[in-house]
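Tertiary structure, described
Each chain is listed here by its residues.
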Amino acid sequence: MIERYTLPEMGRIWTETNKYNCWLQVESAASTVLAADGVIPAAAAEAIATKASFDVARIQEIESEVRHDVIAFTTAVSESLKAQGLDAESRWLHYGLTSNDIVDTAQALQVKDASKLIRVALVGLLEVLKRRALEFKHTPTIGRTHGIHAEPTTFGLKLLNWYAEVQRSLVRFDAAAEDMRVGKLSGAVGTFGHLKPEHEERICALLELKAAPVATQVIQRDRHAAYIAVLALIGSTLDKIAVEVRHLQRTEVREAQEYFSEKQKGSSAMPHKKNPIISEQISGLARVLRANAQAAFENVPLWHERDISHSSVERIIFPDSTILTHYLLTKTTSLIDRLLVYPARMLRNLESTGGLIFSGQLLLDLAEAGMMREDAYRLVQSHAMRAWKEDLVFRNEVASDPEIAALLSKEQLAKTFEMTRQLGNVDAIFVRVLGEDIAA
């Protein structure tokens, strides 16, 4: 991922240096367990754990000749031991292992570290969403369906909906991250031809991983696809939030907008512009996450016990998807935290149709008062369509209709247009999501 979208703490996880550090961690853990079991000399395990090192440039130099990254790595590490007079010890490096024993297990370490950062960012977004949902819990705004005014809602409910969705994402993410916390050291085709299953279990335990119950030469890629798919789903939720902010910031709406600093510029040609650039960036980068999910699905079917068609793909999608998810969570948290909200504009927009948005309540009140529902619908719709077409005040039009006046008194009709009836259960919804103590 390019530097522009990479936060330093996540970027460090996916550097070449850290990748090889993780490879060396796996090699060291394997030699430690094998030495404890008497398979290799204890001195060799000690040397690998305390004396082995590597130089990235040297690995790349060797790889350019041998065309195999793990062989290049083990050769460079062996050279570091031999340079210290540890020739005998160096021959026990990578004993009984195949390349993907190292690569897959080390990748699990990187994903584990990346997942910790993503989880912290998810929790941070939840905290901001909850705080702002409570802040605007009873701030009325118009609910829109198909982009058209529907019935009143509150801005707090919009935020609460996002909060609940991110909560579900956290549950899904925890499950996917745990499913990725596995290693494998079962050999060339997963049969433990050179090590024992208990060796694998103990090596993985040293690395704070679980052993894959069964594998081929690789850990099966359904785990990886599920993990990348969850990241894509998180991105889609963030995209959903961003799209709503983009709509609310439109000139015709202006109910909320991104924070705009004093020195910020919106356009090189139009000094008045304040564009939703953060939200648009979130929407754009979420597309990359979704595209990466498709690539991860394609990695699941491999030839027989393994081919390397997945390998090149994962060199891109795992760094990029984790880096982007972390970045987008951070950006969305800042977006919501500093979001400028305009309740007065929300109320003005809500009232702009002269009460049309209460047509559903009027329909119910007329039916309750004795009018057949079909007749009530026809009557209310005729007034609504005329008010819409001729830019009339719907509330006044229905008040002057004798059929309606015969069934609903002025007081009853006034109650039809009270928002409190529409929004009377907001508190109950907050209790459902946040619990009684927090919602209060």
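Read on for a plain summary of the structure.

It is worth spelling out the overall build of the protein chain at this point. A count of helical and extended segments in the protein chain gives 21 helices and six strands. Taken along the three principal axes of its C-alpha coordinates, the protein chain extends 105 × 50 × 40 Å. Counting the 440 residues in the protein chain, one finds 49% classified as buried. Contacts in the protein chain between residues at least 24 apart in sequence constitute 77% of all its contacts with a sequence separation of at least 6. Accessible surface, the protein chain: about 21900 Å² in total, of which carbon and sulfur atoms supply 53%. Taking the 51 positively charged and 57 negatively charged side chains of the protein chain as two groups, their mean positions are separated by 5 Å.

Taken together, the five bridges between strand E1 (residues 140-145) and strand E2 (residues 148-154) define a ladder with antiparallel strand orientation. The partner of Arg 144 across the bridge, within E2, is His 149. If you look at the hairpin formed by E1 and E2, you'll find two residues sitting between the two strands, and His 146 has a positive phi there, around 60 degrees.

The next point concerns the nonpolar core. One finds Phe 155, Phe 173 and Tyr 227 to be the most contacted residues of the largest nonpolar core, which totals 63 residues. Going through the elements one at a time, helix H7 (99-135), helix H8 (155-179), helix H10 (222-248), helix H11 (277-298), helix H12 (309-337) and helix H20 (426-434) are the ones with two or more residues in this core. The element contributing the most residues to this core is H10, with 12 residues. Counting residues in each nonpolar core, the second largest holds 40 residues, with Val 33, Ile 48, Leu 86 and Leu 109 among its members.

Turning next to the pattern of salt bridges. Here the structure, examined in full by the defined rule, presents 23 salt bridges. Asp 101 is paired through a salt bridge with Lys 184; the nearest N and O atoms lie 2.7 Å apart. Residue Asp 101 is found in helix H7, and its partner Lys 184 is found in the loop between strand E3 (182-183) and helix H9 (197-206); the two are separated by 83 residues along the sequence. The same class applies to Asp 101 as to Lys 184, namely buried. Put simply, Asp 104 and Arg 221 hold a salt bridge, and the shortest N to O gap is 2.8 Å.

This part covers the environment of Tyr 163. Residue position: Tyr 163 is located in helix H8. Note: C-alpha distance between Tyr 163 and Arg 315 (152 residues apart in sequence) is 32 Å. If we skip the residues at most four places from it in the chain, Tyr 163 touches Leu 126, Leu 129, Lys 130, Val 433 and Leu 434.

Here the structure, examined in full by the defined rule, presents 12 aromatic pairs. Aromatic pair Tyr 20 and Phe 54: ring centres 5.8 Å apart, planes at 65 degrees, arrangement edge-to-face. With Tyr 20 in helix H2 (residues 16-36) and Phe 54 in the loop between helix H3 (42-50) and helix H4 (56-66), this pair connects stretches of sequence that are 34 residues apart. A relative accessible area of 1% places Tyr 20 in the buried class.

Before going further, it helps to examine the packing of H7 against H8. Packing of H7 against H8 brings their axes to within 9 Å, and their N-to-C directions diverge by 160 degrees. Relative to H8, H7 is oriented roughly antiparallel. Note on packing geometry: the crossing formed by H7 with H8 is left-handed. Here Ser 115, Ile 118, Arg 119, Leu 122, Val 123, Leu 125, Leu 126, Leu 129, Lys 130, Arg 132 and Ala 133 of H7 lie close against H8, whose contacting residues are Gly 156, Leu 159, Leu 160, Trp 162, Tyr 163, Val 166, Gln 167, Leu 170, Phe 173, Asp 174 and Ala 177. Of the residues contributing to the contact of H7 with H8, the split by class is 15 nonpolar, three polar and four charged.

Before going further, it helps to spend a moment on the side chain of Ser 283. With respect to the helices and strands, the residue Ser 283 is situated in helix H11. Engagement of the side chain of Ser 283 in a polar contact is seen with the side chain of Asp 239, the distance being 2.7 Å. Residues in contact with Ser 283, not counting those within four places in the same chain, are Asp 239, Ala 242, Val 243 and Arg 246.

Time to look at the side chain of Glu 255. Looking at the element boundaries, Glu 255 is found in the loop between H10 and strand E5 (256-257). Polar contacts involving the side chain of Glu 255 include one to the side chain of Asn 349, which spans 2.9 Å. Beyond its immediate sequence surroundings of up to four residues, Glu 255 is in contact with Thr 141, Ile 142, Arg 144, Leu 248, Leu 340, Val 341, Tyr 342, Arg 345, Met 346 and Asn 349.

In the contact formed by H8 and H10, the axes pass within 8 Å of each other and the chain directions differ by 165 degrees. By the angle between their axes, H8 is roughly antiparallel relative to H10. As for how H8 packs across H10, the hand of that crossing is left-handed. Only Arg 223, Ala 226, Tyr 227, Val 230, Leu 231, Leu 233, Ile 234, Thr 237, Lys 240, Ile 241, Glu 244 and Leu 248 of H10 make contact with H8, whose side of the interface consists of Phe 155, Lys 158, Trp 162, Glu 165, Val 166, Ser 169, Arg 172, Phe 173, Ala 176, Ala 177 and Asp 179.

Counted by the stated rule, this structure contains zero disulfides. Looking at Cys 22, it has no disulfide partner, and the nearest cysteine sulfur is the one in Cys 204, 14 Å off. Relative accessible area serves as the criterion here: at 2%, Cys 22 is assigned to the buried category. Take Cys 204: its relative accessible area is 0%, and that puts it in the buried class.

Here is what the cut-offs are and how they apply
- Sequence order as written defines residue numbering, which begins from 1 separately in each chain.
- Whole-chain, interface and lining totals are the exception, using all residues; otherwise, since this is a predicted model, local features are given only for residues with pLDDT of at least 70 and side-chain atom pairs are given and counted only at 80 or more.
- Based on all heavy atoms of the structure, the side-chain values leave hydrogens and waters out of the count.
- Each helix corresponds to a stretch of at least 4 residues labelled H or I by DSSP, and each strand to a stretch of at least 2 residues labelled E; elements are numbered beginning at the N terminus.
- Working definition: with a 1.4 Å probe on protein chains only, accessible area under 20% of the residue-type maximum means buried, over 50% means exposed, and in between means partly exposed.
- Contacts are residue-level and defined by heavy atoms, with any inter-residue pair within 4.5 Å sufficient.
- Surface accessibility in these figures is a Shrake-Rupley result with a 1.4 Å probe; residues are shielded only by whichever protein chains are displayed.
- Charged residues are defined here as Lys and Arg on the positive side and Asp and Glu on the negative side; His and the ends of the chain fall outside this count.
- For the purpose of locating charges, the reference atoms are NZ of Lys, CZ of Arg, CG of Asp and CD of Glu.
- Here, strands pair whenever DSSP counts at least two bridges between them.
- Throughout this description, the term nonpolar core refers to a set of buried Ala, Val, Leu, Ile, Met, Phe, Trp, Tyr and Cys residues connected via side-chain atoms within 4.5 Å.
- By definition here, a salt bridge exists when the distance from a side-chain nitrogen of Lys or Arg to a carboxyl oxygen of Asp or Glu is within 4 Å.
- Note on ring pairs: Phe, Tyr and Trp rings are taken, using the six-membered ring of Trp, and paired if centres are within 6.5 Å. Classes follow the plane angle, with under 30 degrees stacked, over 60 edge-to-face and the rest tilted.
- Whenever a helix is involved, its axis is fitted only over the stretch in contact; in every case the axis is a line through C-alpha atoms, and angles between N-to-C directions fall within 0 to 180 degrees.
- Working definition: roughly parallel below 35 degrees, roughly antiparallel above 145 degrees, roughly perpendicular at 65 to 115 degrees, and oblique for all remaining angles.
- Crossing handedness: left-handed means the near helix sits turned counterclockwise from the far one by under a right angle, and right-handed means the same turn made clockwise.
- Classification convention: Asp, Glu, Lys, Arg as charged; Ala, Val, Leu, Ile, Met, Phe, Trp, Tyr, Cys, Pro as nonpolar; all other residues, Gly among them, as polar.
- Definition of a polar contact: a pair of N or O atoms within 3.5 Å, with one able to donate and the other able to accept a hydrogen when the atoms are protein atoms, and with sequence-neighbouring residues admitted only if both atoms are side-chain atoms.
- The disulfide criterion used throughout: a pair of cysteine sulfur atoms within 2.5 Å.

Purely geometric numbers; function is a separate question.
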